[in-house]
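So you can see what is in the structure, the chains are spelled out below.
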Amino acid sequence: MMTLSSTRSAVRAGALTAALAAFLCTTATAVSVASAESPAARPAAVQADVPAGVTAGVAVFDRQTGTFTEQLNTAGQFRSASVVKLLIALDVLWNRSPDALSAADRARIDTMLRGSDDTAASTFWSNNGSGAIVDRMVTRLGLTDTARPPSTHPGYWGYTALSARDTVKIYRHLLDSAPAATRDYILGDLRQSTRCATDGYDQHFGIAGSFNRPWAVKQGWSGFSSGGCTAPAATASAAAGAAEEPAGADARTPAGADAVDLSRPALHTTGVVGAGDRSIVAVFTLHPGGTSYGKAYTDIGRLTRSLNVPGASRPAGTWVGTWGSGVRVRTQATTTSGAITTLPAGVEVLVGCQKRGQQVSQPPYVNDWWAQLPQYGGYMTNIYLSVPENQVPGVPVC
């Protein structure tokens, strides 16, 4: 049913319960979250909680008051990864109604924005002038920190330079200046963001995991080897994603070229949150080399949850760390029920409640408790939750 990383298995072979209990005392893997937290109750100025080792650029803009509630390294340039797909889509639709698109182009935009499809992005990139797309959008939107990919990698659209404050400008244009048909079409796709992207990565981190709907998101990731959802997908998509991340290439920017970091793993969450799309949120992050997708997913989630986002409603539940790889979320509390998805290895999950189900054995552990994961619509066995007891303390019984 599931496999474990060799490192984790070795650690748990000894005095596992005592070691894990000590770990929990120092890292707080279970954190209760109040439902529908009121932003008005929080201090006016909130410092973004950036996890150790992470470089971040953060901007949160409240459209109701016309002010920023969070600003951290807002002009810092990051490689955009798939966030640049917003500019690619806007360029296609500039001075053109969505109704005027061919059926093929409409399908490409839909899958590019909903499932973050790389092949669709590469088609538009090649057909519409590559780096000239970025140049046009910089002029049209008045972007200050955005630039086409470096001359060493002209075909890699994911190497476009982008900042948090420019991303806010992109969303403000979409919400306040773009034709209504364009606004509704693009945001409609972003509201339908699929949990599993077409390359097999779980893309509901950051905004999508931190806040209840309504939200609309465009995420980005680069430099990871596996992202949950489906184990073989990352390998199968390597060729399709080549325009974002060149496999096996030296990704360090040469001296004198654009100073954007092309080497460290990148994970970004951007979008709008709340009724009336009240808040625009842009969070760009770089992680230490070798960081797993589950660790980066967890870190950007904690950072995003720390932000002051007016109009946001936060999901009820308890955040708990997980261990092991290939851990599946199932429709019922049994190993024979249908698998909904596979979790990124070591990711933190929101647990709503727990109940007894099929007994699962992973020596030296046996556990018949299962956690209900409201954000996935299913259950995972408690045996892979990073808590010393069979039940998660403080989590109610379903």
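Up top you'll find the structure we're talking about.
The rules behind the values
Residues numbered from 1 in each chain as written. Predicted model: local features only at pLDDT ≥ 70, side-chain atom pairs only at ≥ 80, totals over all residues. Heavy atoms only, no water. Core = buried A, V, L, I, M, F, W, Y, C linked by side-chain atoms within 4.5 Å. Buried < 20%, exposed > 50% of the residue type's maximum accessible area, 1.4 Å probe, protein only. Helix = DSSP H or I, 4+ residues; strand = E, 2+ residues; numbered from the N terminus. Pairing = 2+ DSSP bridges. Axes fitted to C-alpha atoms, helices over the stretch in contact; angles between N-to-C directions. Contact = heavy atoms within 4.5 Å. Disulfide = S-S within 2.5 Å.

1. A short note on the nonpolar core
Leu307, Val349 and Met380 are the most contacted members of the largest nonpolar core, which has 49 residues in total. By residue number, the principal contributor to this core is helix α11 (residues 293–305), which donates five residues.

2. Here's the deal with unusual backbone geometry
A cis amide bond, omega 15 degrees, links arginine 213 with the succeeding residue proline 214. Of note, proline 214 is situated in the loop between α9 (207–210) and β6 (215–222). At asparagine 73, a residue that is not glycine, the phi angle is positive and equals roughly 50 degrees. Examined against the element boundaries, asparagine 73 turns out to sit in the loop between β3 (67–72) and β4 (78–79). Not every positive phi belongs to a glycine, and asparagine 95 is a case in point at roughly 60 degrees. One can find asparagine 95 in the loop between α3 (85–92) and α4 (103–114). According to the relative accessible area criterion, asparagine 95 is exposed, its value standing at 78%.

3. Details of the sheet that holds strand β2 (residues 55–62)
As summarised here, the arrangement of the five strands in space is β3-β2-β8-β7-β6, forming an open sheet in which the pairing is antiparallel. On the outer flanks of this sheet lie β3 and β6, each paired with one strand and no other. For this sheet, the mean inter-axis angle between neighbouring strands, taken without regard to orientation, is 5 degrees. Of the strand pairs in this sheet, β2 and strand β8 (residues 279–286) are connected by eight bridges, and their pairing is antiparallel. What sits directly across from threonine 55, in β8, is leucine 286. On top of the sheet, helix α7 (residues 164–176) reaches β2, β3, β6, β7 (266–273) and β8; it is set at about 150 degrees to β8, its chief contact.

4. What about the state of the cysteines?
Taken as a whole and judged by the stated rule, the model has two disulfides. For cysteine 196, the disulfide goes to cysteine 229, at an S-S distance of 2.2 Å. Judged by the torsion about the S-S bond (-95 degrees), the cysteine 196/cysteine 229 disulfide is left-handed. A residue pair is termed long-range when its members are at least 10 positions apart, and cysteine 196 in the loop between α8 (180–191) and α9 and cysteine 229 in the loop between β6 and α10 (233–236) qualify at 33 residues. Owing to a relative accessible area of 31%, cysteine 196 belongs among the partly exposed residues under this scheme. A sulfur-sulfur distance of 2.0 Å marks the disulfide that ties cysteine 353 to cysteine 398. Measuring handedness by torsion sign, the sulfur bridge of cysteine 353 and cysteine 398 sits at about 95 degrees and is right-handed. Of this pair, cysteine 353 sits in strand β13 (residues 353–362) while cysteine 398 sits in the segment after β15 (378–381), placing them 45 residues apart in sequence. The exposure class assigned to cysteine 353 is buried, which follows from its relative accessible area of 15%. Residue cysteine 398 is classed as partly exposed on the basis of its relative accessible area of 44%.

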